[in-house]
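Structural characterization, general
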There are 2 protein chains.
Amino acid sequence: AKPLSSHMEARGKFLEFPHASAPIRALMFDLVSTVENRLDSQLSPCTLPPDVQYFENQNGNAQASLQIRSGLNSSSIDFILGSWIHCELPTGALNITSLSAYLNSSTDAPNFLIELIQSSPTSLIFILDLPPRKDLVLDPDYLHTFYESTKLDTYRQMLEKVPEVRPYFSPTLYIRCAVSPTAIMVRIETESGESARTEEIVRSYVDPVAKELLEIWLNQCACAEREVEETDKAYLEKRDSVNRSKTIEIDLASSFPRLFGQEVADRVIGEIRKVYTGT
Amino acid sequence: AKPLSSHMEARGKFLEFPHASAPIRALMFDLVSTVENRLDSQLSPCTLPPDVQYFENQNGNAQASLQIRSGLNSSSIDFILGSWIHCELPTGALNITSLSAYLNSSTDAPNFLIELIQSSPTSLIFILDLPPRKDLVLDPDYLHTFYESTKLDTYRQMLEKVPEVRPYFSPTLYIRCAVSPTAIMVRIETESGESARTEEIVRSYVDPVAKELLEIWLNQCACAEREVEETDKAYLEKRDSVNRSKTIEIDLASSFPRLFGQEVADRVIGEIRKVYTGT
């Protein structure tokens, strides 16, 4: 495939979510649009090199798209990262779509994260959370402000009641630590041949819950005025930095070389690391 | 009922676990004996007043027993707390048995916690964990040392495979935050009339897993040599202190006045607070 010629073309390719199921595609497009509409004046355009905004492996059976928009200096947004990955594996197609939003140390409010991992038409892992940026054991007020008074657990409980939905325990312990106590981490498993039911669950439950949580994040985290003292700022920077390094290691460093080859993986991870570490 | 006349009698009453099912009674007795045998030289006898070691409500339909043994100055054990509570409720009998072990700030190793909440012969909540004493997001090495390299998650996975076992989400978010990513928090629910199956699950799964975890805690936490710097010590003291205050608030302050009346509740909570805060 020929490389994409422009940022505009790469952005278009990202927003297509070409391999996701129809309801996931619609949801992801809506979430990205909502974030960008609300925060547009605070965000720079994506400046990743075109061959990082879209890339494939040599065989052409693995493709991915990546968009990162950094926040302006005056904003509390550090950056917004959207991605999709599509791989033809011997076991079937793997499709991952994700959107995450990271705040900077001018605020201690939680980040936003949604990830949908579809490993077959009838098996979907759904992760949705406002990951905390402080140690909740040490800071019950923070827990109260962002998780109790916002009644975030009601959304998790709603999903839990759907018969095809089971709690999902990530095999990576660090991921379990990094999410909030109200995180939605579930596996949606329908009978073989019932991909229509999976899509129905996405439309009826995943979609509205994801949009509600994004609204809460936009109103009460991204746009909240939080006073952060200097010592807290240093703590947040340290904690964010460890968290991001571990996230790169877990999400990318282990799987990307396998999926895309070492050269592509190094190029892409290098660019992501620059954004994560602010260098 | 007449008050217990001696510490010895109170201790005997505690070790009876008179209202627990046979396999839970056997397990709790074994766990307490194991801890006491291994740590005996480091522990003072229980010095709680007799009317805190055993107490009832006015109607006599709620009873409880409490034993706390503090660690000697030279020990890294802060204290060991065992308890059982029995209440006749309109919905049936509620039986709670627990054993927890708290380390002091000479070490940063995790604590130990087991709690069994039986709300009917066919419904049992089982909580087993080595609750961390540091923020695992900020300290991946700590996560690795105590949770990854010890393969603690294999025990959770073992339980998860039993068909009657479901993940349990505590309604109290703080409790979800305070446990480790490998915590066993499950509800064991059998068909009505099948209390024998509940007992079988306790014997075959709960019992061996609890004993394994206690061994790991004794060998790798209670008896581990950990170097703790002065700044870390201050951090541990702060975090332990917040954690303990919240634990009292959640476990006791809300339910004890209701179950035992305000006077008994104040007396018991006052004594527990003394131990928790070291005053």
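Read on for a plain summary of the structure. If you're wondering where the values come from, they're calculated on a predicted model, not measured in any experiment.

About the cut-offs
- Residues numbered from 1 in each chain as written.
- Chains lettered and ligands numbered in written order.
- Predicted model: local features only at pLDDT ≥ 70, side-chain atom pairs only at ≥ 80, totals over all residues.
- Heavy atoms only, no water.
- Contact = heavy atoms within 4.5 Å.
- Buried area = accessible area lost by both parts, 1.4 Å probe.
- Salt bridge = Lys/Arg side-chain N within 4 Å of Asp/Glu carboxyl O.
- Polar contact = N/O pair within 3.5 Å; in protein donor to acceptor, adjacent residues only side chain to side chain.
- Helix = DSSP H or I, 4+ residues; strand = E, 2+ residues; numbered from the N terminus.
- Nonpolar A, V, L, I, M, F, W, Y, C, P; charged D, E, K, R; others polar.
- Pairing = 2+ DSSP bridges.
- Axes fitted to C-alpha atoms, helices over the stretch in contact; angles between N-to-C directions.
- Least-squares fit on C-alpha atoms with pLDDT ≥ 70 in both.
- Disulfide = S-S within 2.5 Å.
- Buried < 20%, exposed > 50% of the residue type's maximum accessible area, 1.4 Å probe, protein only.
- Arc of directions from axis to C-beta.
- Phe/Tyr/Trp six-rings, centres within 6.5 Å; stacked < 30°, edge-to-face > 60°.

Attention now goes to the interface of chain B and chain A. Contacts between chain B and chain A engage 26 residues on the former and 26 residues on the latter. Where chain B abuts chain A, roughly 2,400 Å² becomes buried across the two surfaces, and 73% of that area is made up of carbon and sulfur atoms. The three residues of chain B that bury the most area against chain A are V137(B), L138(B) and L173(B), which together make up 26% of that side's buried surface. Taken together, chain B and chain A are joined by four salt bridges. D153(A) serves as the salt-bridge partner of R176(B), at 2.7 Å between the closest nitrogen and oxygen. Inspection of the region where chain B meets chain A yields eight residue pairs in polar contact (both at pLDDT 80 or more). Elements that contribute at least two residues to the side of chain B that touches chain A include exactly helix 4 (140-148), helix 5 (153-160), helix 6 (173-178) and helix 8 (230-253) of chain B. Examining the composition of the side of chain B that touches chain A, we find that six residues originate from one element, helix 8 of chain B, more than from any other. When grouped by side-chain class, the residues that make up the side of chain B that touches chain A number 15 nonpolar, two polar and nine charged.

All right, on to the sheet that holds strand 3 (residues 77-89) of chain A then. Residues and elements named next belong to chain A. Within the open sheet, the eight strands sit side by side as 1-2-3-4-5-6-8-7. Their pairing is antiparallel. At either margin of the open sheet sits one strand with a lone partner, and together these are strand 1 (54-56) and strand 7 (165-167). Looking at each pair of strands side by side, their axes are set apart by 15° on average, direction ignored. Lying on the sheet, helix 1 (residues 7-16) is in contact with strand 1, strand 2 (62-70) and strand 3; it crosses strand 2 at an angle near 110°. Contacts from helix 5 (residues 153-160) reach strand 6 (123-129), strand 7 and strand 8 (184-189) within the one sheet, and its direction differs from that of strand 8 by about 15°.

Rotating chain B by 180° and translating it 0.0 Å along the rotation axis places it on chain A, where the RMSD comes to 0.0 Å. Those values place the two copies in the arrangement expected of a two-fold rotation axis. For chain B, the minimum C-alpha distance to the rotation axis belongs to D135(B) and amounts to 2.9 Å. The residues that chain B uses at the interface reappear at the interface of chain A in 100% of cases, marking a shared surface.

All right, on to the state of the cysteines then. Covalently bonding the sulfur atom of one cysteine to the sulfur atom of another cysteine gives a disulfide. Residues and elements named next belong to chain B. One pass over the full model with this rule turns up zero disulfides over all chains. Free of any disulfide, C221 has its nearest neighbouring cysteine sulfur in C223, separated by 9.4 Å. C221 gets classed as buried once you look at its relative accessible area, which sits at 1%.

What follows is about the sheet that holds strand 3 (residues 77-89) of chain B. Residue and element names in this part refer to chain B. If you walk across this open sheet you meet the eight strands as 1-2-3-4-5-6-8-7, and the pairing is antiparallel. Looking along the sheet, the strands with just one partner apiece sit at the ends: strand 1 (54-56) and strand 7 (165-167). Within this sheet the neighbouring strands show an average axis-to-axis angle of 15°, counted without direction. Relative to strand 2 (residues 62-70), strand 1 runs antiparallel, the two being bridged by three bridges. Counted as the bridge partner of F55 is A64 from strand 2. Seen against the sheet, helix 7 (residues 195-222) touches strand 3, strand 4 (92-103), strand 5 (112-120), strand 6 (123-129) and strand 8 (184-189) and runs at an angle of roughly 15° to strand 6.

To continue, consider helix 1 (residues 7-16) of chain B. Residues and elements named next belong to chain B. Those residues of helix 1 lying buried are A10, F14 and L15. Seen along its axis, helix 1 keeps its buried residues to an arc of 135°; they face one direction. Buried-residue contacts for helix 1 involve helix 2 (22-39), helix 3 (50-53), strand 2 and strand 3. In the segment just after helix 1, F17 is the residue with positive phi, at about 40°.

What follows deals with the packing of aromatic side chains. Enumeration according to the criterion identifies 20 aromatic pairs over all chains in this entry. Among the aromatic residues, those joined into a cluster by ring pairs are F55(A), F256(A) and F260(A).

On the secondary structure map, D153(A) appears in helix 5. Apart from residues no more than four positions distant in its own chain, D153(A) is found in contact with P181(A), T182(A), L173(B) and R176(B). In terms of polar contacts, D153(A) uses its side chain to reach the side chain of R156(A), at 2.8 Å.

Moving on to the side chain of T247(A). All names here are of chain A. Along the chain, the position of T247 falls in helix 8 (residues 230-253). A relative accessible area of 18% means that T247 is categorised as buried. Discounting residues that sit within four places of it in the chain, T247 has contacts with Y102, L252 and Y276.

All names here are of chain A. Applying the stated rule across the entire model yields 46 salt bridges over all chains. The shortest N-O distance in the salt bridge between D78 and R244 comes to 3.0 Å. On the criterion of sequence distance, the pair formed by D78 in strand 3 and R244 in helix 8 is long-range, its members being 166 residues apart. The buried category is assigned to R244, whose relative accessible area is 7%. Of the charged contacts in the structure, one is a salt bridge between E271 and K274, with a shortest N-O distance of 3.2 Å. With a gap of three residues between them, E271 and K274 both fall in helix 10 (residues 262-277), about one helical turn apart.

It is worth spelling out the environment of A183(A) at this point. Residue and element names in this part refer to chain A. You can see A183 is positioned in the loop between helix 6 (173-178) and strand 8. Taking relative accessible area as the criterion, A183 reaches 11% and is therefore assigned buried. Apart from residues lying up to four places away in sequence, A183 is in contact with L128, D129 and R156.

The residue F17(A) is not glycine, and still its phi comes out positive at about 40°. With respect to the helices and strands, the residue F17(A) is situated in the loop between helix 1 and helix 2 (22-39). Although it is not a glycine, K151(B) adopts a positive phi angle of roughly 55°. Inspection of the secondary structure assignment puts K151(B) in the loop between helix 4 and helix 5. For K151(B), a relative accessible area of 55% translates into the label exposed.

Keep in mind these values describe shape, not function.
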